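# Per-entry structural report
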Amino acid sequence: MATNTDKTVLVVNCGSSSVKFAIVNPVDGRVFVSGIAEALTLDDARISWAFDGEAKTEQMLGSGADHARAIDFVVDTILAGHKDLLDSLVAVGHRIVSGGDLYSQPTLVDDSVEAGIEKCIPFAPLHNPAHLQGIRAARKVFPGIPHVCVFDTAFHQTMPEYAFRFAIPEKYYTENRIRRYGAHGTSHYYVAGEVCKEMGADPDNFNVITCHLGNGASISAVKNGKCIDTSMGLTPLDGLMMGTRSGSIDPSVIFFLCDNMGLTAQEVCKILNKESGLLGISGRTSDFRGITEGREQGDEKCALAFDMFCYRLAKFIASYYVPLGRVDAIVFTGGIGENSYRMRRRVMELLAPFGIKLDVEKNEAALVYKGGRGVISAPDSSCYVTVIPTNEELIIARLASEFAK
Ligand code: ADP
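Everything numeric here is computed off the predicted structure, so don't read it as measured data. Residue positions are counted from 1 within each chain, in the order its sequence is given. Where local features are concerned, this predicted model is filtered to residues with pLDDT of at least 70; where side-chain atom pairs are given and counted, the filter is 80 or more; whole-chain, interface and lining totals use all residues. As a rule here, side-chain values cover all heavy atoms of the structure and leave hydrogens and water aside.

Geometry of aromatic contacts follows a simple scheme: Phe, Tyr and Trp rings, the Trp one being its six-membered ring, pair when their centres are within 6.5 Å, and the pair is stacked under 30 degrees between planes, edge-to-face over 60, tilted otherwise. Here the structure, examined in full by the defined rule, presents 9 aromatic pairs. Centre to centre, the rings of Tyr321 and Phe354 are 4.6 Å apart; their planes meet at 40°, and the pair counts as tilted. Linking Tyr321 in helix α13 (residues 321-324) with Phe354 in the loop between α15 (341-350) and α16 (360-364), this pair joins segments that are 33 residues apart in sequence. Categorising residues by exposure relies on relative accessible area from a 1.4 Å probe, with only protein chains included: less than 20% of the type maximum marks a residue as buried, more than 50% marks it as exposed, and the intermediate range marks it as partly exposed. The class of Tyr321 is buried, set by a relative accessible area of 17%. An aromatic cluster is built from Phe288, Phe306 and Phe309, whose rings are joined through pairwise contacts. We count a charge as sitting over a ring when the NZ of a lysine or the CZ of an arginine lies within 6 Å of the ring centre and within 35 degrees of the ring normal. Between Arg177 and the ring centre of Tyr173, over which it is positioned, the NZ or CZ distance is 4.8 Å. The aromatic ring of Phe164 is capped on one face by Arg179, whose charged end is 3.7 Å from the ring centroid. Secondary structure elements are defined from DSSP: runs of H or I of at least 4 residues count as helices, runs of E of at least 2 residues count as strands, and each element is numbered from the N terminus.

Near residues are defined by distance, with any heavy atom within 4 Å of the molecule or strand qualifying the residue. Around the ligand lies a shell formed by Gly214, Asn215, Gly216, Asp287, Phe288, Arg289, Gly334, Gly335, Ile336, Asn339 and Ser340. Here an oxygen atom of the ligand and a side-chain polar atom of Asp287 are 2.5 Å apart. Any N or O atom pair separated by 3.5 Å or less is treated as a polar contact, with the protein-specific requirement of one donor-capable and one acceptor-capable atom, and with residues adjacent in sequence counted only for side-chain atom pairs. The backbone of Arg289 places a nitrogen or oxygen atom 3.0 Å from an oxygen atom of the ligand. Taken together, the elements giving at least two residues each to the shell around the ligand come down to α11 (288-296) and α14 (334-339). Counting residues per element, the shell around the ligand draws most heavily on α14, at 4 residues. The class makeup of the residues in the shell around the ligand is 2 nonpolar, 7 polar and 2 charged. In the scheme used here, Gly and all other residues not listed as nonpolar or charged are polar, with Ala, Val, Leu, Ile, Met, Phe, Trp, Tyr, Cys and Pro taken as nonpolar and Asp, Glu, Lys and Arg as charged.

What follows is about unusual backbone geometry. A negative phi angle is the norm for most residues apart from glycine, just as the trans form is the norm for most peptide bonds. The phi torsion at Ala39 lies on the positive side, around 55°, for a residue other than glycine. Unusually for a residue other than glycine, Asn224 sits at a positive phi of about 50°. Within the secondary structure, Asn224 sits in the loop between β10 (217-223) and β11 (226-230). In this structure Asn224 comes out as partly exposed when scored by relative accessible area, which is 30%.

Moving on, we get to the pattern of salt bridges. Salt bridge, as used here: a side-chain nitrogen of Lys or Arg that lies within 4 Å of a carboxyl oxygen of Asp or Glu. In the structure shown here, the tally under the stated rule is 23 salt bridges. One salt bridge connects Arg46 with Asp44, and the closest N-O pair in it is separated by 3.3 Å. Between Arg165 and Glu161 there is a salt bridge, with the nearest N and O atoms lying 2.6 Å from each other. With relative accessibility at 25%, the residue Arg165 sits in the partly exposed group. Counted as one network, the salt bridges with shared partners bring together Asp111, Glu114, Glu118, Arg136 and Arg139.

We now examine the side chain of Arg180. Counting through the fold element by element, Arg180 comes out in the loop between α6 (170-174) and α7 (185-199). Note on Arg180: relative accessible area 14%, which makes it buried. A distance of 3.1 Å separates a polar side-chain atom of Arg180 from the backbone oxygen of Ser231. Aside from chain neighbours lying at most four places away, what touches Arg180 is Met159, Ala163, Phe164, Phe166, Asp229, Thr230, Ser231, Met232, Gly233, Leu234 and Asp238. The contact criterion used is simple: two residues touch if any of their non-hydrogen atoms lie within 4.5 Å.

So this is what it looks like as structure tokens:
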């Protein structure tokens, strides 16, 4: 298992009813054990995990088990016979969805940071309370090592005010902190750095558009390593079309549904977050693979969902030529970005007026449609286009390990 030279980080990612965890070597990325507790607080709360190279184990956690119980289980049961792993831990990295505009860097946890995360609950009402439970439980079981919060919003804190403000009366910003915060920052940061290395470019003179396309999807304009615009807004509902989220929408649709259809704000919130996007248009699935299959079988609604997803993404990419001026690279990542060569082909075709040219064969090569990485643009393309699998756990582990003694 872990040798005495391994220094590892426990990465904890608490969702509203789940805890994902992994013990990672931040240097080489080796994952010693990883797992997920699901259906927390419900009757069928359960946990599954796998040690490196071994089969998955699953166990019920007991009715109503919460995040703290899940973390206790990881330490008391899963890691019980693995003193080597426990001894190798040098830090715990906590993924935090929203740090609002309070945190622009990975931050060592103390009571004031817990209070800060609590203050940001209005921006991530499902996630931040769960993160707090995870932090409190983990601090109890690992009091002797640094706990580090890595905020999804931190990377976007460098946006200029004209990019992050909404055009609404100032008091809603100054008094209520209503503004664009962005999301998936850790992933955008990681792939922006990776493509720069891949090209051997000068990090201080390098402009890239990063497209994180998973169930949630967002896009960022990154100039010299700093984010200068991003598509997600106050919450992850804004921007691109997603699995079940509408993305950007005329706000009048909301008033129309409330005033003319008699829906409550909460009902509309559910429609826009859970019933829209690929699912809403296809009427069939939120899963991009299912959309692609449906389209190939001649399902017109799936074809429309595919067309809308690609069209809206291409328009967003095109719009980021404005903040960046010159675009050196475009990166695709996330489950859809890494795997769907059809989506990439369509988006690149739509961007042909910008001089972007795809290498059709490279785009379809097994390497870049089975979770691999590689350049997909033609040599005479105006900008380098590449696929880089994201690895949020590794980057959280790396950032957290920097706080270890
Ligand atoms: P999350 O945002 O939940 O982390 P992922 O990054 O894992 O999600 O992305 C999930 C999405 O990736 C789903 O829509 C899934 O259908 C899509 N996806 C995964 N593999 C493929 C594939 N081979 N072709 C097209 N889409 C894929």
